[in-house]
Protein chains: 2
Amino acid sequence: MDAEAIKLSLEESGLRCTSQRYAVMAFLLEHNQHPTAAEIFAAVNRLDPRSSRATTYNNLRDLVQAGLVREVAAEGRAARFDAKGMRHHHFICDGCGSVEDIEWYDVPKPGSRSLGKRILRECELIFRGRCTRCAPRHDPRKAF
Amino acid sequence: MDAEAIKLSLEESGLRCTSQRYAVMAFLLEHNQHPTAAEIFAAVNRLDPRSSRATTYNNLRDLVQAGLVREVAAEGRAARFDAKGMRHHHFICDGCGSVEDIEWYDVPKPGSRSLGKRILRECELIFRGRCTRCAPRHDPRKAF
DNA sequence: TATCAGATTAGATATAATCTAATTTTTCAT
DNA sequence: ATGAAAAATTAGATTATATCTAATCTGATA
Ligand SMILES: [Mn+2]
Ligand SMILES: [Mn+2]
Ligand SMILES: [Zn+2]
Ligand SMILES: [Zn+2]
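Residues numbered from 1 in each chain as written. Chains lettered and ligands numbered in written order. Predicted model: local features only at pLDDT ≥ 70, side-chain atom pairs only at ≥ 80, totals over all residues. Heavy atoms only, no water.

Asker: Could you clarify how one ought to interpret the sheet that holds strand β3 (residues 88–93) of chain A in this entry?
Answerer: Across a sheet, paired strands are connected by hydrogen bonds in the backbone, their directions being either parallel or antiparallel. Taken in spatial order, the 6 strands make up an open sheet running β4(A)-β3(A)-β5(A)-β5(B)-β3(B)-β4(B), and their pairing is mixed. Bordering the open sheet on either side are β4 (99–103) of chain A together with β4 (99–103) of chain B, each of which pairs with just one other strand. Strand-to-strand, the axes of this sheet are offset by a mean angle of 35 degrees, without reference to chain direction. Note that strand β5 (residues 119–130) of chain A and strand β5 (residues 119–130) of chain B share 11 bridges and pair antiparallel. (Pairing = 2+ DSSP bridges. Helix = DSSP H or I, 4+ residues; strand = E, 2+ residues; numbered from the N terminus. Axes fitted to C-alpha atoms, helices over the stretch in contact; angles between N-to-C directions.)

Asker: Can you help me understand the coordination of the manganese ion (ligand 1) in this one?
Answerer: As a benchmark, a tetrahedral metal site with four donors has ideal angles of 109.5 degrees, while an octahedral site with six donors has ideal angles of 90 or 180 degrees. Residue and element names in this part refer to chain A. Donor atoms from the polypeptide that bind the manganese ion (ligand 1) are His34 (NE2), Asp82 (OD), His88 (NE2), His90 (NE2) and Asp101 (OD), placed at 2.1 to 2.2 Å. All donors of the manganese ion (ligand 1) belong to a single chain; written as a sequence motif, their spacing is H-x47-D-x5-H-x1-H-x10-D. We classify His90 as buried; its relative accessible area is 1%. (Donors = N, O, S within 2.8 Å, 3.2 Å for Na, K, Ca; no water. Buried < 20%, exposed > 50% of the residue type's maximum accessible area, 1.4 Å probe, protein only.)

Asker: Any chance you could explain the coordination of the zinc ion (ligand 3) here in plain terms?
Answerer: Residues and elements named next belong to chain A. Those donors, Cys93 (SG), Cys96 (SG), Cys131 (SG) and Cys134 (SG), are the protein atoms that reach the zinc ion (ligand 3), and they lie 2.3 to 2.4 Å from it. Seen from the zinc ion (ligand 3), its 4 donor atoms lie at angles of 107 to 113 degrees, and the figure they make is tetrahedral. Sequence spacing among the residues donating to the zinc ion (ligand 3) works out to C-x2-C-x34-C-x2-C. Note that Cys96 is positioned in the loop between β3 and β4 and Cys134 in the segment after β5, a separation of 38 residues in sequence. The class for Cys96 is partly exposed, based on a relative accessible area of 37%. (Tetrahedral: all angles 85-135°; square planar, octahedral: opposite > 155°, others 65-115°.)

Asker: Hey, could you run me through the protein's contact with DNA strand C in this one?
Answerer: As a matter of local geometry, DNA strand C sits amid 20 residues, with A:Ala79, B:Thr18, B:Arg21, B:Ser52 and B:Thr55 nearest to it. In DNA strand C, atoms within 4 Å of the protein come 76% from sugar and phosphate. One of the side-chain N or O atoms of A:Tyr57 is found 2.9 Å from a phosphate oxygen in DNA strand C. Within the side chain of B:Thr18, a nitrogen or oxygen atom sits 2.4 Å from a phosphate oxygen of DNA strand C. The set of elements that each furnish at least two residues to the surface near DNA strand C consists of α4 (53–65) of chain A together with α2 (19–30) and α4 (53–65) of chain B. Of the residues forming the surface near DNA strand C, the biggest block, 5 residues, is contributed by α4(B). In the surface near DNA strand C, the residues fall into 5 nonpolar, 7 polar and 8 charged. (Near = heavy atom within 4 Å. Polar contact = N/O pair within 3.5 Å; in protein donor to acceptor, adjacent residues only side chain to side chain. Nonpolar A, V, L, I, M, F, W, Y, C, P; charged D, E, K, R; others polar.)

Asker: Just to check I follow, could you spell out the pattern of salt bridges for this structure?
Answerer: A side chain of one charge can pair with a side chain of the opposite charge when the charged atoms of the two come close. If you walk through the whole model with that rule in mind, you get 22 salt bridges over all chains. Between A:Asp94 and B:Arg121 there is a salt bridge whose closest N-O contact spans 2.8 Å. Here A:Asp94, found in the loop between β3 and β4, pairs with B:Arg121, found in strand β5, and the two come from separate chains. Relative accessible area serves as the criterion here: at 34%, B:Arg121 is assigned to the partly exposed category. Put simply, B:Arg70 and B:Asp82 hold a salt bridge, and the shortest N to O gap is 3.2 Å. With B:Arg70 in strand β1 (residues 69–72) and B:Asp82 in strand β2 (residues 80–83), this residue pair connects regions lying 12 residues apart in the sequence. Of the two residues, B:Arg70 and B:Asp82, both sit in the buried class. Overlapping salt bridges bring together A:Glu75, A:Asp94, A:Arg128, B:Arg121, B:Glu122 and B:Glu124 as one network. (Salt bridge = Lys/Arg side-chain N within 4 Å of Asp/Glu carboxyl O.)

Asker: Honestly, the relation of the copies chain B and chain A in this entry has me stumped. Any pointers?
Answerer: Applying a rotation about an axis and a shift along it to one chain copy brings it onto the other copy. Mapping chain B onto chain A calls for a rotation angle of 180 degrees and an axial translation of 0.0 Å; the resulting RMSD is 0.1 Å. Taken together, the rotation and translation relating the two chain copies correspond to the operation of a two-fold axis. Rotation axis and chain B: the residue whose C-alpha lies nearest the axis is B:Leu125, separated from it by 2.3 Å. When you check the interface residues of chain B against chain A, 100% turn up at the interface there too, and the contact is symmetric in its surfaces. (Least-squares fit on C-alpha atoms with pLDDT ≥ 70 in both. Contact = heavy atoms within 4.5 Å.)

Structure, rendered in structure tokens:
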């Protein structure tokens, strides 16, 4: 996704393309490691222009509201984010806590009986286990 | 699950059945609203015996490690917990943030091609939308 | 009973997120 | 261009959540 496309997607969502907001969005688009707000703040300030912590949080909030960014559901203290590009699932490593993307495939919806009067919008599938780096350290005779 | 069964499940996991630890476990078993640590702390102290905040957090950590309790994956600030009884999925309300249980059903695993060298242990399915209470307030003409 | 590991406690500390009020930047009507 | 209004940014204070520390308590066991 090039600079112009990012600018456009922001403006289509009713958000001005400020340099700080652009930097957050661009960083998320080119890093799929699901960084925390603190990591994003550090990363966008490594380059110009400077952005404050409050602005980083404000922009993440705005981008999530606009549907361009997602706050990933995960346990743990700090929220993690990714750009909502192609649909995908997530894999969370028991060993190191890393969150990785898994290719999307369709998930069966719950029956209307168990859904009741609830209105279903979307679903999110999280896998757990050991990532490629952590798998070798894992003794398969021991349960987690 | 009666008192004796709780005591037993704790001891099978190598945890002493202290009154504070019992209270946390019993509370989670009879409330499926996925309370936060603060809510659990308040609830177990409404009755005797008193338990400190540190102990509530310590016991939640121990119970999660022992596999009796789960920290639910969800966005938002405070961690939420439930007793790992019967397997189930979760529904998180866009409106009020409540987390509700959804009857379990099997979920197709990702293909070994997209899984790579990762070791899969389990999966967790999260639905999003409007809960029964929030659904009526939702104007279906407006997107979220 | 004496010992000791496990558990609890109050309060201090750390971490993550949000708020506040001042300032800067952009937009837009004139 | 000019000035007013709106939007965005900022540093730092504040709040919320979680963990740590070091002293004390409890209960199992010898
Ligand atoms: Mn992702
Ligand atoms: Mn549950
Ligand atoms: Zn790993
Ligand atoms: Zn609701």
